[in-house]
Amino acid sequence: MGVAGVLGAVFGSLAALFVLLVIGIAVIGNASSSETSTPVAIPTYDPDEYEHTPDPSDRPTERPTERPTERPTERPTERPTQRPTQRPTTPARVSVNTSLRNNTMYRAGSLPRLNCRGGNVNQFNHGQLKALILKTGRCMDKAWQPILEKQGIRFRPPNYAIASRKGRGACGDYPSPGSMVPYYCPRNSTIYASTSALASGVGNAPGYGEIISWHGGTISMMAHEYGHHVQNITGLMNSWWSSTLESSSQSGKLALSRRLELQATCFAGMWMRSVASSYPVSTAQRSRLFWFYGQVGDWPGRPRDHGKPANNNLWFRQGWEKSKTYQCNTWLASSSTVS
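These numbers come from a predicted model, not from an experiment.

J.: Quick one: what's the story with the overall build of the chain, residue by residue and with numbers?
T.: Regarding its fold elements, the chain presents nine helices and five strands. In the chain, the succession of helices and strands from N to C terminus is α-α-β-β-β-β-β-α-α-α-α-α-α-α. Considering the chain as a whole, with its 339 residues, one finds that 47% of them fall into the buried category. Expressed as a percentage of contacts within the chain between residues at least 6 apart in sequence, the contacts between residues at least 24 apart total 73%. Accessible surface for the chain amounts to roughly 16,500 Å². Of this, 56% is attributable to carbon and sulfur atoms.

J.: Go over the state of the cysteines with me, naming the residues and quoting the values.
T.: Simply put, disulfide is the name for a covalent bond between the sulfur atoms of two cysteines. One pass over the structure, following the stated rule, counts three disulfides. A disulfide bridge connects Cys116 with Cys139, and the sulfur atoms are separated by 2.1 Å. Measuring handedness by torsion sign, the sulfur bridge of Cys116 and Cys139 sits at about 95 degrees and is right-handed. Of the two residues, Cys116 sits in the loop between helix 1 (3-32) and helix 2 (126-149) while Cys139 sits in helix 2, which places them 23 residues apart along the sequence. With respect to class, Cys116 is no different from Cys139; both count as buried. Here Cys266 is linked by a disulfide to Cys328, with a sulfur-sulfur distance of 2.0 Å. Since a negative S-S torsion denotes a left-handed disulfide, the Cys266-Cys328 link at about -75 degrees is left-handed. Within this pair, whereas Cys266 is found in helix 7 (residues 250-274), its partner Cys328 is found in the segment after helix 9 (309-322), the two being separated by 62 residues in sequence. Along the chain, the cysteines that take part in disulfide bonds pair up as 1-2, 3-4, 5-6, counted in sequence order.

J.: Any details on the nonpolar core? Residues and values, ideally.
T.: Grouped burial of nonpolar side chains is what soluble globular proteins tend to show. In this structure, Met105, Trp144, Leu148 and Trp271 are the most contacted members of the largest nonpolar core, which totals 65 residues. For this core, the secondary structure elements donating two or more residues are helix 2, strand 5 (190-194), helix 3 (195-200), helix 5 (216-233), helix 6 (236-246), helix 7, helix 8 (283-292) and helix 9. In this structure Trp144 touches Met105, Leu111, Phe155, Tyr226, Val230, Phe267, Met270 and Thr325, once residues within four positions along its chain are discounted. Core analysis: the next-biggest nonpolar cluster, separate from the first, contains six residues, Ala161, Tyr174, Tyr183 and Tyr192 among them.

Calculation notes
Residues numbered from 1 in each chain as written. Predicted model: local features only at pLDDT ≥ 70, side-chain atom pairs only at ≥ 80, totals over all residues. Heavy atoms only, no water. Helix = DSSP H or I, 4+ residues; strand = E, 2+ residues; numbered from the N terminus. Buried < 20%, exposed > 50% of the residue type's maximum accessible area, 1.4 Å probe, protein only. Contact = heavy atoms within 4.5 Å. Areas by Shrake-Rupley, 256 points an atom, 1.4 Å probe, with all protein chains shown as cover. Disulfide = S-S within 2.5 Å. Core = buried A, V, L, I, M, F, W, Y, C linked by side-chain atoms within 4.5 Å.

Pasting the structure below:
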């Protein structure tokens, strides 16, 4: 073999080695680029104000302590006997992430479009408003149940306690003293409300019926309370409470509360969008809803636990316009959008 032959063999070997290196790098690159976390909430208005990198500590494979040992006993991860028609084969363990930032429910997507008519209801009439609340509550069950169960999350509907004026439940008086708002009690998964307080308010606090004459405003607020139930059965509420207990400052606890409340508002926007064609929510009524959510929230002098009106408006619109569960991930949002 001459000099030319030797050089040819050398360069040929180098070329082959180069090709192998390129292929190896490509394989490694493809493996590392696979999706390992849930999507990040994409904002409606201010893209630069949101964080776009999930906390690695929130990934399900890295947080075994959030699995069945810390979740309530009524939410098992194995469901072979409860859904035989959908899972006829040998049941596999379903791992549900209950963390705030990377919760399994963020993979649930959009709510189905349902036929849920509001009708011509006088919200100042106890019987009519209570019937509407219970009717639309059943619609919310039909909307949330399939998308959560598809992700392996055990669904159970909330209970309701609707009084004409006031009552007392597992979490205290309803409405709360000096307040007119409904509330969700996680102790017994019950939504409490006073129809007279909802419509006409209490003391100096105006009722929803006085802020917006259309009953869709009140029902959207009930959808907010239902959003707290969704947070409860998905483990978000337990994780929020754990974080609250770990927080060493009152400002930190309030900041966590605002993220929880604004997420429920985003879920309310999702549900109202899902029934827009049947409730119905016309273009004019949609604009009234957006305006309405710019009137509720933390006003000066009040505890900063629900978010200022501008951010209530932003997150309701986020749920309406983006209409996917991961778009309601307030735990990844910048502090300015949840203030």
